[in-house]
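The chain contents come next:
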Amino acid sequence: MSRFFSLAWFHLKIFSKNSYFVSLAITSTLALLFIEYIVAYASNLTLTSQSWLRAAIFGLWNCGTTAAGCISFQRHRGTLPYLLNHRVSDAVSLAAVVAPAAIFGLLCFPLAMLVGSILGFPLTFTPQFVLGVIGLWLGALVLDFLIASIFVLTRHAMVYEDLLTLPLLLLSGLYTLPTAFAPITKLANWFLPIALPIKWLLGNEPISWLTFSQFAVCLLISGGISYVLAHYLLNKAKQTGRLGVVI
C-alpha cells in the first residue's frame with residue numbers, strides 16, 4: 001500500500017505540472033458556474049447552493065475522465081510500457097497513474113466555493129456534504145480505473161475522453177431528466193458509483209442506511225469488476241504489443 005501511495009504521489013506531481021490538466025480543472029468548473037449564474041440572472045431566479053455544487057461536480061468528473069487522456073499522454077511520451085511494468089502488479093501501477101486525475105478534481109470544490117461566494121451563491125456545509133464529496137471522489141476513482149483499463153488497448157483514448165463526461169453525469173442525476181428516464185436513473189444507483197454521491201450533494205437523495213449500503217455495494221462491485229477487467233486487458237495489451245503503440 002505504501003508503494004502505491006508513493007507512486008501516486010510521484011504521478012500527482014507530474015500531473016500538476018502539466019498546464020492542460022490545471023487549466024481543465026479551472027475552466028470546466030468556472031464555465032458551468034458562470035452559465036448557472038447567467039441563467040439565474042436572466043430568468044430572475046434565486047441563486048441556490050445546487051448551482052455551485054453542480055459546477056464542482058462537473059469539474060471533478062471532467063478531471064476524472066482525463067484518466068483516458070492520461071493513457072494517451074503517457075503512451076505518446078513513450079513511458080507507458082515502463083510505468084506498467086513495475087515490481088507491483090500491473091493493476092496497482094495503472095491505478096497509481098490515473099489516481100491523480102480524481103485527486104486533482106477535488107480542487108474544483110474549493111474553487112467553486114470561492115467564486116460562488118463572490119457571485120452570491122449560498123454556501124452550505126453539512127455532514128451530508130462531506131460524505132457526498134468523499135463518496136464522489138471514491139466513485140470517480142473507481143470509474144477512472146475502469147476507463148483507463150479499457151483505453152489501454154487503443155491509441156485514440158484522448159479522442160473518446162469527452163464522450164464520457166456528460167452522458168455519465170446526466171445518468172447520475174446532475175440535472176433532472178424527463179420522467180421517462182426515471183427507471184434508468186434509479187438503476188444507475190447500482191452500477192454507477194458516482195450516482196448516489198451526486199444525489200446526496202444536490203439534496204435529491206438523503207443519506208440513510210439504505211442508500212449508504214447501496215453505494216457501498218455499488219462501489220465494491222464496480223471496484224472488483226474494474227480490477228478483474230484491468231488485469232485481463234493489461235495482459236491482453238502486453239500480448240498484442242499495444243502498450244508501446246503510438247501511431
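Residues numbered from 1 in each chain as written. Predicted model: local features only at pLDDT ≥ 70, side-chain atom pairs only at ≥ 80, totals over all residues. Heavy atoms only, no water.

Re the packing of helix H3 (residues 49-64) against helix H7 (residues 108-119)
Step number 1: At their nearest, the axes of H3 and H7 sit 8 Å apart, and the two run at 150° to each other. As summarised for this structure, H3 and H7 are arranged roughly antiparallel, according to the angle between their axes. With respect to the hand of their crossing, H3 and H7 are arranged in right-handed fashion. From H3, Trp52, Leu53, Ala56, Ile57, Gly59, Leu60 and Cys63 reach across to H7, where they touch Cys108, Phe109, Ala112 and Met113.
Step number 2: Looking at the contact of H3 with H7 residue by residue, the classes come out as 10 nonpolar, one polar and no charged. (Axes fitted to C-alpha atoms, helices over the stretch in contact; angles between N-to-C directions. Helix = DSSP H or I, 4+ residues; strand = E, 2+ residues; numbered from the N terminus. Parallel < 35°, antiparallel > 145°, perpendicular 65-115°, else oblique. Left-handed = near helix turned anticlockwise from the far one by under 90°. Contact = heavy atoms within 4.5 Å. Nonpolar A, V, L, I, M, F, W, Y, C, P; charged D, E, K, R; others polar.)

Quick notes on the side chain of Ser226
Step number 1: Locating Ser226 in the fold gives a position in helix H13 (residues 209-240).
Step number 2: With residues up to four places along the chain from it excluded, the contact list for Ser226 reads Val142, Phe145, Leu146 and Ser149.

Focus on helix H12 (residues 195-202)
Step number 1: Among the eight residues in H12, eight count as buried, and that is most of the element.
Step number 2: Burial in H12 covers these residues: Ala195, Leu196, Pro197, Ile198, Lys199, Trp200, Leu201 and Leu202.
Step number 3: Two residues or fewer after H12 comes Gly203, characterised by a positive phi angle close to 80°. (Buried < 20%, exposed > 50% of the residue type's maximum accessible area, 1.4 Å probe, protein only.)

Details of a nonpolar patch on the surface
Step number 1: Taken together, the side chains of Leu187, Trp190, Phe191, Val217, Ile221 and Ile225 make up a nonpolar region of the molecular surface, amounting to roughly 580 Å² of accessible area.
Step number 2: Of all the secondary structure elements, the ones that give two or more residues to the nonpolar patch are helix H11 (182-191) and H13.
Step number 3: By the element assignment, Ile225 lies in helix H13.
Step number 4: Judged by its relative accessible area of 49%, Ile225 is partly exposed. (Patch = residues over 30% accessible without salt bridge, like charges linked within 9 Å, V, L, I, M, F, W, Y side chains within 5 Å. Areas by Shrake-Rupley, 256 points an atom, 1.4 Å probe, with all protein chains shown as cover. Salt bridge = Lys/Arg side-chain N within 4 Å of Asp/Glu carboxyl O.)

Concerning the pattern of salt bridges
Step number 1: Throughout the structure, instances matching the rule amount to two salt bridges.
Step number 2: The partner of Glu36 in a salt bridge is Arg54, with the nearest N and O atoms 3.8 Å apart. Of this pair, Glu36 sits in helix H2 (residues 19-42) while Arg54 is found in helix H3, placing the two residues 18 residues apart along the sequence.
Step number 3: Under the relative-accessibility criterion, Glu36 is labelled buried at 12%.
Step number 4: According to the relative accessible area criterion, Arg54 is buried, its value standing at 13%.

Comments concerning the nonpolar core
Step number 1: Ranked by internal contacts, the top residues of the largest apolar core, which has 33 residues, are Trp52, Ile57 and Phe109.
Step number 2: Looking at which element gives the most residues to this core, the answer is H3, with eight residues.
Step number 3: Apart from the residues lying within four places of it in its own chain, the contact partners of Phe109 are Trp52, Leu53, Ala56, Ile57, Leu60, Phe129, Val133, Leu136 and Leu201.
Step number 4: In this structure, Leu7, Ala8, Leu94 and Leu234 belong to the second largest nonpolar core, which totals 14 residues. (Core = buried A, V, L, I, M, F, W, Y, C linked by side-chain atoms within 4.5 Å.)

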